[in-house]
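Next come the chains, spelled out residue by residue.
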Amino acid sequence: MTSILLIVIGAALVNNFVLTRFLGICPFLGVSKKLPTALGMCGAVIFVMTSASAVTFALQRGVLDPLGIGYMQTIAFILVIASFVQLVDIAMKKFAPALHGALGIFLPLITTNCAVLGVSVLNVQSGHGFGKAVLYGFSAAVGFALALLVFTGLREKIDRANPPRCFQGVAIALVTAGLLSLAFMGFAGLVK
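Structurally, the α-helix is built with 3.6 residues per turn, so residues lying three or four positions apart point the same way. Between the first and last C-alpha of helix α6 (residues 114–126) there are 17 Å, a value that for 13 residues agrees with the 18 Å anticipated at 1.5 Å per step. What α6 keeps buried is the set Ala115, Val116, Leu117, Gly118, Val119, Ser120, Val121, Asn123 and Val124. Considering only its buried residues, α6 is in contact with α3 (35–67), α4 (73–95) and α7 (130–160). Count one or two residues on from α6 and you reach Gly127, which has phi positive near 85°.

Structure representation (structure tokens):
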């Protein structure tokens, strides 16, 4: 039970992929202007990261390692991730066209989101079993979602506060992201 809790806290807070490892910054900055858009991205990333963690772990252990083609890992993992992103894209286009339009280019960019690929690669390197690998992927996705939602809330609040003109837009977003990253780095000694 303790190891499961350590995986969850470690992936979501201590080693947050966006705010401490600095992976997945593009969608983090791109879709954090409005809460509904950020929620849609959170759902998509949670689904893709968790599903990709399961499939890529099985692919590595069941196909790439036995055949001795571990060097194909990156290409194989990106194909798996792209397949899940396509599935999300099709479903979102069918069931939530407004959200699909609001996410725009950032939805297909989940395929090249280095946080998703990073989780898949770290799962293989960690030596965990299948269940812990999937839990790690889910926890990392929840950490991404937490960071994105907190950042979106801060950006909405700052926009309403009418910052000085030189800080409006990207400048204040980057300063805010940096301060949020410092706050998350405060969890650094919690889990090793």
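The next point concerns the confidence of the model for the protein chain. Atom-level detail of predicted coordinates should not be read off regions where pLDDT is low. On average, residues of the protein chain carry a pLDDT of 90, and 99% of them reach 70 or more. When the elements of the protein chain are averaged for pLDDT, helix α2 (residues 25–30) gives the smallest value, 86, and α7 the largest, 94.

On to the pattern of salt bridges. Summed over the entire model, instances satisfying the criterion amount to one salt bridge. Here Asp65 makes a salt bridge to Arg61, at a shortest N to O gap of 3.8 Å. With Asp65 and Arg61 both in helix α3 and four residues apart, the pair spans about one turn of that helix. Overall, Asp65 belongs to the partly exposed group, its relative accessible area being 40%.

Mapped onto the secondary structure, Ala102 falls in helix α5 (residues 97–103). Separated by 62 residues in the primary sequence, Ala102 and Gly40 place their C-alpha atoms 9.2 Å from one another.

So, how was this worked out
- Just so you know, the residues in each chain are numbered from 1, in the order the chain's sequence is written.
- Only residues with pLDDT of 70 or above have their local features reported here, since the model is predicted, and side-chain atom pairs are shown and tallied only from 80 upward, although totals for entire chains, interfaces and linings are computed over all residues.
- With hydrogens and water excluded, all non-hydrogen atoms of the structure serve as input to the side-chain values.
- Where helices and strands are cited, they refer to DSSP runs of H or I of at least four residues and of E of at least two residues respectively, numbered from the N terminus.
- Helices are assigned an expected span. That span is 1.5 Å times one less than the residue count.
- Think of it in three bands: residues with accessible area under 20% of the maximum for their type are buried, residues over 50% are exposed, and the middle band is partly exposed, with areas taken using a 1.4 Å probe on protein chains only.
- Here, two residues are considered to be in contact whenever any of their heavy atoms come within 4.5 Å of each other.
- Predictor confidence is given residue by residue as pLDDT, running from a minimum of 0 to a maximum of 100.
- Think of a salt bridge as a Lys or Arg side-chain nitrogen and an Asp or Glu carboxyl oxygen that are within 4 Å of each other.

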